[in-house]
Amino acid sequence: PHRSDVAKSIWAHLKAIPGLKVINLIRNPLRCIVSANIMKQIRDSNLEVNHVKMKPGENRPDINERRVILNPEDTLRMLKSIESLKQELLEYFGPDICTVKYSELCKNPNQTMNEVFAHLGIENVDVSSRLQKQNPESMEELIINFSEIREKLAQNGMLDLLTVDE
């Protein structure tokens, strides 16, 4: 079956669940792609960091070990796929979705989680996390072939992905 047929079947199955609460955690999709590539690069490089449990903000590999080259065509294909799934989610669940921005969750965890708790109809709980952004640098610093990626995004009306922090 075609991917879209499978996805539609899954969406329909989920929509049929009585009382289902949907929480959509969103993040800049380009940053997701960059982070996944960095993680793979670090894992594949057999850096010592793979053998040590990383503490938040500690043991982060140097920026030069985290910079990645993205294939422009693959990146565009993945971005379009992510956008398609996002549109399908909105189509099936619309206003019943609780959307959480990753950047807001990091900046204001209690306020953001209180919104999630309200959506779920449960009591608020204070939350805390020592997690920190593992790749806080700009896209330009993290992507070796940044100009090539910027050009591909510009050609496809997606330049805002270079500055949006979700």
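Because the structure is a prediction, the values reported are computed rather than measured.

### A short note on the pattern of salt bridges
- Inspection of the entire model under this criterion finds 6 salt bridges.
- A salt bridge links D44 to R43; its shortest N-O distance comes to 3.8 Å.
- Given the relative accessible area of 44%, D44 is considered partly exposed.
- Assessed through its relative accessible area of 47%, R43 is described here as partly exposed.

### Examining the packing of aromatic side chains
- Under the criterion given, the structure shown has 2 aromatic pairs.
- With a centroid separation of 6.2 Å and 75° between ring planes, the pair formed by W11 and F93 is classed as edge-to-face. Remark: F93 occurs in helix α4 (residues 72-93) and W11 occurs in helix α1 (residues 3-15); sequence separation between them is 82 residues. A single burial state applies to W11 and to F93, both of which are buried.
- Through successive ring pairs, a cluster of aromatic residues spans W11, Y92 and F93.
- We note R27 situated over the ring of Y102; from NZ or CZ to the ring centre the distance is 5.0 Å.

### What about the side chain of R66?
- On the secondary structure map, R66 appears in helix α3 (residues 63-66).
- By relative accessible area, which is 3% here, R66 ends up buried.
- One polar contact links the side chain of R66 to the main-chain carbonyl oxygen of P61, over a distance of 2.7 Å.
- Aside from chain neighbours lying at most four places away, what touches R66 is I38, Q41, I42, R60, P61, Q134, N135, E137 and L142.

### Some words on a nonpolar patch on the surface
- On the surface, I23, L120 and I122 cluster together into a nonpolar patch covering about 230 Å² of accessible area.
- Among the structural elements, I122 can be located in the loop between α6 (109-120) and α7 (139-142).

### What to know about the layout of surface pockets
- Computed from the structure, the second largest pocket encloses a volume of approximately 410 Å³.
- Lining the second largest pocket we find 19 residues, and of these R27, P29, I82, E83 and K86 sit closest to its centre.
- Contributing elements (two or more residues each) for the lining of the second largest pocket: β1 (22-26), α2 (29-44) and α4.
- Per-element accounting of the lining of the second largest pocket gives the leading share, 6 residues, to α4.
- Here the lining of the second largest pocket is composed, by residue class, of 12 nonpolar, 2 polar and 5 charged.

### Some points on the confidence of the model for the protein chain
- Averaged over all residues, the pLDDT of the protein chain equals 85, while 87% of them reach at least 70.
- Summarising per-element confidence for the protein chain, the mean pLDDT is lowest in α1 (80) and highest in helix α8 (residues 146-155) (96).

### Overview of α6
- The terminal C-alpha atoms of α6, which comprises 12 residues, lie 16 Å apart, in line with the 16 Å expected from a rise of 1.5 Å per residue.
- Burial in α6 covers these residues: T112, V116, F117 and H119. Down the axis of α6, the smallest arc covering the buried residues is 155°, so these residues share one side.
- Tucked inside the fold, the buried residues of α6 contact β1, β2 (97-101) and α5 (102-107).
- A positive phi of about 75° marks G121, the residue just after α6.

Procedures and definitions
- Residues numbered from 1 in each chain as written.
- Predicted model: local features only at pLDDT ≥ 70, side-chain atom pairs only at ≥ 80, totals over all residues.
- Heavy atoms only, no water.
- Salt bridge = Lys/Arg side-chain N within 4 Å of Asp/Glu carboxyl O.
- Buried < 20%, exposed > 50% of the residue type's maximum accessible area, 1.4 Å probe, protein only.
- Phe/Tyr/Trp six-rings, centres within 6.5 Å; stacked < 30°, edge-to-face > 60°.
- Helix = DSSP H or I, 4+ residues; strand = E, 2+ residues; numbered from the N terminus.
- Lys NZ or Arg CZ within 6 Å of the ring centre and 35° of its normal.
- Polar contact = N/O pair within 3.5 Å; in protein donor to acceptor, adjacent residues only side chain to side chain.
- Contact = heavy atoms within 4.5 Å.
- Patch = residues over 30% accessible without salt bridge, like charges linked within 9 Å, V, L, I, M, F, W, Y side chains within 5 Å.
- Areas by Shrake-Rupley, 256 points an atom, 1.4 Å probe, with all protein chains shown as cover.
- 1 Å grid on protein atoms, 1.4 Å probe; cavity = no way out; pocket = protein on both sides within 12 Å on 5 of 7 lines; lining within 4 Å.
- Points joined across faces, edges and corners; volume = space filled by probe spheres on them.
- Nonpolar A, V, L, I, M, F, W, Y, C, P; charged D, E, K, R; others polar.
- pLDDT = per-residue confidence, 0-100.
- Expected span 1.5 Å × (residues − 1).
- Arc of directions from axis to C-beta.

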